[in-house]
Amino acid sequence: MPEQPAEVRRANFAEVNLGLEVQAAQVEAQRCLSCASSNCTKGCPVGVKVREFVELVLAGEYLAAARKIREDNVLPAITGRVCPQEDQCEGVCVIAKRGAPLAIGYLERFVADWERQSGQLGLPPNAPPTGKKVAVVGSGPAGLTCAGDLVQRGHHVTVFEALHELGGVLVYGIPEFRLPKEIVRQEVDNLAKMGVEFVTNVVVGKTVTVDGLLNEEGYSAVFIATGAGLPQFLNVPGEHLNGVYSANEFLTRVNLLKAFADDYDQPVFDCRDKEVAVVGGGNVAMDAVRTALRLGARKARLIYRRTEAEMPARKEEVKHAKEEGVEFLVLANPVAFLGDEKGWLKKARCIRMELGEPDASGRRSPKPMAGSEFEVDAEMAVIAVGTTANPLVQATTPDLKTRRGGYIEANADTMRTSKTGVFAGGDIVTGAATVILAMGAGRKAAASIHEYLRSGQWAPPPPTNPTG
Amino acid sequence: MFRILQAQFLAPDVKRFTIEAPRIAKARLPGQFIIVRVHDRGERVPLTIAAADPAKGTIDIIVQGIGKTTRLLNSMEAGAQIPDVVGPLGKPSEIRQFGTVVVIGGGVGTAIAYPTAVAMKQAGNRVVSILGARTKALLILEQELAQTSDQLFVMTDDGGYGEKGLVTDKLRQLVAEGRSIDLVLAIGPIPMMKAVAEATRPLKIPTVVSLNPIMVDGTGMCGGCRVLVDGKSQFACVDGPEFDAHQVDFAVLTQRNAMYRQVEKEELEEFEAMRKKPGSPDFCRLGMQNPQAGP
Ligand SMILES: Cc1cc2nc3c(=O)[nH]c(=O)nc-3n(C[C@H](O)[C@H](O)[C@H](O)COP(=O)(O)OP(=O)(O)OC[C@H]3O[C@@H](n4cnc5c(N)ncnc54)[C@H](O)[C@@H]3O)c2cc1C
Ligand code: FES
């Protein structure tokens, strides 16, 4: 994949990966063995028919290839960029045994971009109107996917979003240099063209309740896709110092509110020529640390309590971060933040960690090494150690069952919750996961909602453990 | 888009707006706030809902023009549209019959205290209001509060109106007179709220303050609004904005609110310099949304 050179891109917000040219896509597609096993399709959470779309690429039928992907995945330009392919389709690709796997993600992105640029998006026709109204709460990948599938089946769909922009994490979390906002906007526009109604600035649970939607506003079903938006902090001394951010706040200020641009009003800490520490090892941490670099940080340092091998981030993001000059401080964890007399962050006090025995999840749990404390300079710190369920909907919907952590209980196949007419999916059910899993949940929910609206039968099988 | 139906100045730089927002008007309870964005490159700022009319589908806000966004807002007139208004956010005030409630409003904090004072009166409390302002010109909602209060005192720094002194002077005087006070609600500048908290602490009078930390989303998603209450981190937008005054760490609040002071000062100066020149970009943009038409 051609990309912007590291020394150039670390100072701009333009996309890092430039996309394959036709020639390169053809060369890559020829590497596919068209094997009968179709491991790749089985490895994909939504079962994209990889072999079939790659054959269409080889035949030069790029629009048909895009349509083939869309049968299972309605946001290919997005997943082609952000899916953890190495853990999914590419991770089980047969030719990976003899070198690099087929670059399925790059090919997916190639055909999706081709389709976008051709302007020939073959939007499927909607079924005749059913007269039923469905409310979707949250406009992240789960909500958008569900909305798209439901309008196609002839239902009237209204998406309610708390923020002033649509797209969920795709617009406020994942930065421009990884996922251009133009792409998300285009997907949202397509849905609007298909007839989805979007209402921003509505916080369900505050502006209106789920019961209000069902009983007063005439919606026959509600799909809750509010994500795992609540930031976790480390709960160490000094976290209230000026310059300490949650990843959500830092990324929202920069991505959603464009704090880096002069002609936008939202401010963000000026990290030009400063040292920055980002705590965590996932995609969110990578995004935050690389954003700090682009805002002009002199040194951007990632602090992670395990080793690089355990980092949950996409491999490509780790590679890109290193190339751009991010310093990795692994097997370390902050125990306190230290500031000056005016309350501005100056240093992070860390402790060295060592890996112990594997825990229930199979990951070796890190343990602090007594007496190993040391300090690193940091005038800005970003905490990216995970998020939890957003509670606003649950708090005002008493008959909606939740499980530990406040996540909504929903059946893994039907997405039905404990409350008649209410479905849930995406991060609000599984905990922070991935775009593709959220999309998959949106799909299943749409099928289940359609079935419910058609038959009027609820009878939810008792909620079981969530997918993912 | 949210249309402004009425707009009028109550005091220099303090403007009252009536905005069409039917869902918010219906759902809102005293003590809750909204977040607005006044143009498509604007920042998100929280503002308390001063009043609401669910039948008409309107809410009222009272805005003090202290930064670029609030000054921009205060340059808007009836008929203009605000692109983004979201709410009602935060927990509503705890309203029940306490007995005697002293409501203290400092400056534009009076606008925040006002709806709660009304609800407290309706819940059967004896409401004693103390309003503080630097000068008479800066006093707002005096008549409205007089109507809802059993007693109302006005304190000005210069003594040019009401009595000369601080709101805490009046509070101490009421206590000295042997009035029994069951709850104090104090909303205003941080030093005022801190002073009230210190005055009531030894007397063990339950005291509630409404905090105004920096906010972004207002839904619990960013944690930027975190305040230290009883040594624990709380998100003011979902756990507040009202907290037990005796548990609040006002020093941390003051420190965190200074985070963007320098940038904000520069932005404001730039904006003020620009708006003096006709045809400037920001002002133009709002001007376009600002048809001369009335409500
Ligand atoms: C910085 C970052 C980087 C990431 N990188 C990747 C990656 O590279 N690859 C990958 O696969 N995944 C990645 N993820 C994870 C992925 O983005 C999420 O798993 C996915 O977006 C979840 O989708 P969702 O639809 O469940 O929720 P979200 O995308 O979180 O959307 C939820 C939406 O609901 C809205 N909402 C919340 N409460 C309410 C309410 N009460 N009323 C109305 N609206 C409400 C929110 O504002 C939001 O817009 C990343 C996440 C982050 C934060
Ligand atoms: S304003 Fe973002 S969590 Fe409160």
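Residues numbered from 1 in each chain as written. Chains lettered and ligands numbered in written order. Predicted model: local features only at pLDDT ≥ 70, side-chain atom pairs only at ≥ 80, totals over all residues. Heavy atoms only, no water.

Moving on to the overall build of chain A. Looking only at helices and strands, chain A features 17 helices and 16 strands. For 468 residues, the compact-globule estimate of 2.2 N^0.38 gives 23 Å, and chain A sits close to it at 23 Å. Its C-alpha atoms put chain A at 65 × 55 × 50 Å along the principal axes. Looking at chain A as a whole, 58% of its 468 residues are labelled buried. Taking all contacts inside chain A whose residues are at least 6 apart in sequence as the whole, residues at least 24 apart take part in 69%. Of the roughly 18,100 Å² of accessible surface on chain A, 52% is carried by carbon and sulfur atoms. Between the centroid of the 53 positive side chains of chain A and the centroid of its 57 negative side chains there is a distance of 3 Å. (Helix = DSSP H or I, 4+ residues; strand = E, 2+ residues; numbered from the N terminus. Rg over C-alpha atoms; globule rule 2.2 N^0.38 Å. Buried < 20%, exposed > 50% of the residue type's maximum accessible area, 1.4 Å probe, protein only. Contact = heavy atoms within 4.5 Å. Areas by Shrake-Rupley, 256 points an atom, 1.4 Å probe, with all protein chains shown as cover. Lys, Arg positive; Asp, Glu negative; His and termini not counted. Charge placed at Lys NZ, Arg CZ, Asp CG, Glu CD.)

The next subject is the overall build of chain B. Across its full length, chain B carries 10 helices and 16 strands. Relative to the globule expectation of 19 Å for 295 residues, the C-alpha radius of gyration of chain B, 19 Å, shows essentially globular dimensions. The C-alpha extent of chain B, read off along each of the three principal axes, is 60 × 40 × 40 Å. Taking all 295 residues of chain B together, the buried fraction comes to 57%. The long-range share in chain B, meaning contacts at least 24 apart out of those at least 6 apart in sequence, stands at 66%. Accessible surface computed for chain B: about 12,200 Å², of which carbon and sulfur atoms make up 53%.

All names here are of chain B. Tracing the backbone through its elements, the reader meets Ile-34 in strand β3 (residues 33-37). The buried category is assigned to Ile-34, whose relative accessible area is 0%. Sequence spacing of Ile-34 and Cys-225 is 191 residues, and the spatial spacing of their C-alpha atoms is 14 Å. Ignoring sequence-local partners within four residues, the contact set of Ile-34 consists of Ile-24, Val-45, Pro-46, Leu-47, Ile-49, Ile-59, Ile-61, Val-85, Val-86, Gly-87 and Leu-89.

The next point concerns the site of ligand 1. Residues and elements named next belong to chain A. What surrounds ligand 1 is a group of 36 residues, the closest being Val-82, Glu-161, Arg-178, Val-204 and Asp-427. One nitrogen or oxygen atom from the main chain of Asp-427 is found 2.8 Å from an oxygen atom belonging to ligand 1. In the model, an oxygen atom of ligand 1 is placed 2.9 Å from a nitrogen or oxygen of the Val-435 main chain. Protein chains bury 95% of the 1,000 Å² of accessible surface belonging to ligand 1 in isolation. Along the lines of polarity and charge, the residues of the shell around ligand 1 split into 20 nonpolar, 11 polar and five charged. (Near = heavy atom within 4 Å. Polar contact = N/O pair within 3.5 Å; in protein donor to acceptor, adjacent residues only side chain to side chain. Nonpolar A, V, L, I, M, F, W, Y, C, P; charged D, E, K, R; others polar.)

Residue and element names in this part refer to chain B. Of all eight residues making up helix α8 (residues 250-257), six are buried, and the element is well covered by its neighbours. Buried within α8 are the following residues: Phe-250, Val-252, Leu-253, Gln-255, Arg-256 and Asn-257. One side-chain oxygen at the N-terminal end of α8 lies 3.1 Å from the backbone nitrogen of Ala-251; it belongs to Asp-249.

So, on to the pairing of strand β8 (residues 299-304) of chain A. Residue and element names in this part refer to chain A. In terms of burial, β8 is a largely internal element, five of the six residues being buried. Between the parallel pair strand β7 (residues 275-279) and β8, the chain is carried across by helix α13 (residues 283-294), and the sense of this crossover is right-handed. Summarising the sheet, β8 and strand β9 (residues 327-330) pair through four bridges and their orientation is parallel. Following the sheet pairing, Leu-302 is matched in β9 by Phe-328. Taking the sense of rotation as the criterion, the β-α-β connection linking β8, helix α14 (residues 315-323) and β9 turns out right-handed. (Right-handed = clockwise from strand over helix to strand, strands pointing away. Pairing = 2+ DSSP bridges.)

Moving on, we get to the nonpolar core. Residues Phe337(A), Ile104(B), Ile130(B), Leu171(B) and Leu211(B) are the most contacted members of the largest nonpolar core, which totals 58 residues. No other element matches the six residues that helix α6 (residues 190-200) of chain B contributes to this core. If near-sequence neighbours (up to four positions away) are discounted, Leu171(B) is found in contact with Val102(B), Ile104(B), Ile130(B), Ile181(B), Val184(B), Val196(B), Ala199(B) and Thr200(B). Judged by nonpolar contacts, the second largest core, of 47 residues, contains Cys32(A), Val57(A), Ile78(A) and Cys222(B). (Core = buried A, V, L, I, M, F, W, Y, C linked by side-chain atoms within 4.5 Å.)

Read these as layout, nothing more, since geometry by itself doesn't imply function.
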